[in-house]
Amino acid sequence: MLDGYRNGAADISQAIDQRYSDALEAMHEESLWKLARVDNSIAVFRLLWLPTSGPPISVRIQFSDKKVRLEIIKLDGYGGYDIGKIAYRKSVEGELSLWNRLVEESEEASFWRMPTRIDDLGLDGEHFVLEGVKDGIYHVVDRWSPRFGAYRKICKSMLKHAQIETSSTASASPAILPVMRRFAYGLLVLLFGAVLLTWYCLRRRAEGRKDRHSEAAGGGRRGSF
């Protein structure tokens, strides 16, 4: 796969393959790049959503023979870890208005002119990988955790059409959970130790006062003889 946006054509096949091909293969999704080469009558948008600590999801909206079709696939793993296998698949027919609205949103985002990749990667978050095919042309855009703008809007719109909620409700990632548990256990041990130490110090102080009081009382009696 070539990205000719900057300084000539750059081969990004390996980067794309390592991160996304495994998820698409697990979903049994075909290559849209190959589809664009053999059939220029089909128009498709496919979103691959890869949240680090959530299940990978694919939403494909295809327009062919004047019909619109939605294909939604969800895996049972995690986008940033073990992607898992298919947990949910649904294929339904959509309205033409859905496709027209999607085309308008792609034009608003200037999707076909967007660079495939930019320097926006981070340690955690979510990847929105949007592929498009029209008139035998293939294009793909990859963005990490886009917060605002037309590109996020079109991606969220596709998830909405598939009735998938993207609010941040996922639990902490499996790699972080053991660290969090160890931290919590360590904190509890420290708190318990602090309580014991405080109790011990207060007890020793009380015993010291008792001893001094006893010595003072005994000294007074000796002095009275």
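Definitions and cut-offs
- Once a new chain begins, its residue numbering starts again from 1 and follows that chain's sequence as written.
- Local features in a predicted model are, by the rule used here, given only for residues with pLDDT of at least 70; side-chain atom pairs are given and counted only at 80 or more, and totals for whole chains, interfaces and linings are based on all residues.
- Only hydrogens and water are set aside when side-chain values are computed; all heavy atoms of the structure are taken into account.
- The classification of residues rests on relative accessible area computed with a 1.4 Å probe and restricted to protein chains. Under 20% of the type maximum is buried, over 50% is exposed, and intermediate values are partly exposed.
- What counts as a helix is a DSSP run of H or I of at least four residues, what counts as a strand is a run of E of at least two, and both are numbered from the N terminus.
- Pairing between strands is defined by DSSP: at least two bridges between them are needed.
- Nonpolar cores are built from buried Ala, Val, Leu, Ile, Met, Phe, Trp, Tyr and Cys residues. Side-chain atoms within 4.5 Å join them into one set.
- Note on definitions: a residue-residue contact is assigned when non-hydrogen atoms from the two residues lie within 4.5 Å.
- Two N or O atoms count as a polar contact when they lie within 3.5 Å, although within protein this holds only if one can serve as hydrogen donor and the other as acceptor, and sequence-adjacent residues are included solely when both atoms are side-chain atoms.
- Here the expected span of a helix is defined as 1.5 Å times the quantity of residues minus one.
- By definition, the arc is the one covered by directions from the helix axis to the C-beta atoms.
- The angle between two axes is taken between their N-to-C directions and runs from 0 to 180 degrees, where each axis is a line fitted to C-alpha atoms and a helix contributes only its stretch in contact.

Novice: Sorry if this is basic, but what is going on with the pairing of strand S4 (residues 57-64) here?
Specialist: Within a regular beta strand, the side chains point alternately toward one face of the sheet and then the other, so they alternate between its two faces. Most of S4 sits inside the fold, with seven of its eight residues counted as buried. Here strand S3 (residues 43-51) pairs with S4 via seven bridges, running antiparallel. Bridging from a neighbouring strand, Leu48 pairs with Ser58 of S4. With antiparallel pairing between neighbouring strands as the criterion, S3 and S4 make up a hairpin whose turn holds five residues.

Novice: Any chance you could explain the nonpolar core here in plain terms?
Specialist: Among soluble globular proteins, nonpolar side chains are generally buried collectively. Judged by nonpolar contacts, the single largest core of 24 residues is most densely connected at Ile61, Leu130, Tyr151 and Met158. Elements with a contribution of two residues or more to this core: S3, S4, strand S5 (67-75), helix H3 (96-108), strand S7 (126-134) and helix H4 (150-161). For this core, the leading source of residues is H4, giving five residues. Setting aside its immediate chain neighbours within four residues, Tyr151 contacts Ala109, Met114, Phe128, Val129, Leu130, Val141, Asp142, Arg143 and Pro146. Counting 19 residues, the second largest nonpolar core, distinct from the first, contains Leu50, Ile73, Val129 and Tyr138.

Novice: Just to check I follow, could you spell out the side chain of Arg60 for this structure?
Specialist: Take Arg60: it is sitting in strand S4. One polar contact links Arg60 to Glu29, side chain to side chain, over a distance of 2.9 Å. Looking at Arg60, its side chain comes within polar contact range of the side chain of Gln62, at 3.2 Å. With residues near it in sequence (within four places) discarded, Arg60 still touches Glu29, Leu32, Val44, Phe45, Arg46, Arg69, Leu70 and Glu71.

Novice: What exactly am I supposed to notice about H3 here?
Specialist: Side chains that are three or four residues apart share a direction in an α-helix, a result of its 3.6 residues per turn. Across its 13 residues, H3 extends 19 Å between first and last C-alpha, which sits within 8% of the 18 Å expected from 1.5 Å per residue. Turning to H3, its buried residues are Leu98, Trp99, Leu102, Glu105 and Ser106. The buried side chains of H3 occupy one side of the element, clustering within an arc of 125° when seen end-on. Exposed residues pointing more than 90 degrees away from the buried face of H3 are listed as Glu104 and Glu107. Close packing links the buried residues of H3 with S3, S4, S5, strand S6 (86-94) and H4. A positive backbone phi angle near 55° is found at Ser110, which sits one or two residues after H3.

Novice: I'm lost on the sheet that holds strand S8 (residues 137-144) in this one. Help?
Specialist: Strand pairing in a sheet takes place through backbone hydrogen bonds and is either antiparallel or parallel in direction. Taken in spatial order, the six strands of this open sheet run S6-S5-S4-S3-S7-S8, and their pairing is antiparallel. Looking at strand neighbours, the two that pair on one side only are S6 and S8, the edges of this open sheet. Pairs of neighbouring strands in the sheet enclose a mean axial angle of 10°, with direction left out of account. Relative to S7, S3 runs antiparallel, the two sharing eight bridges. Across the sheet, Trp49 pairs through a bridge with Phe128, a residue of S7. The sheet strands contacting H4 are S3, S4, S5, S7 and S8, and the helix crosses S7 at an angle near 85°.

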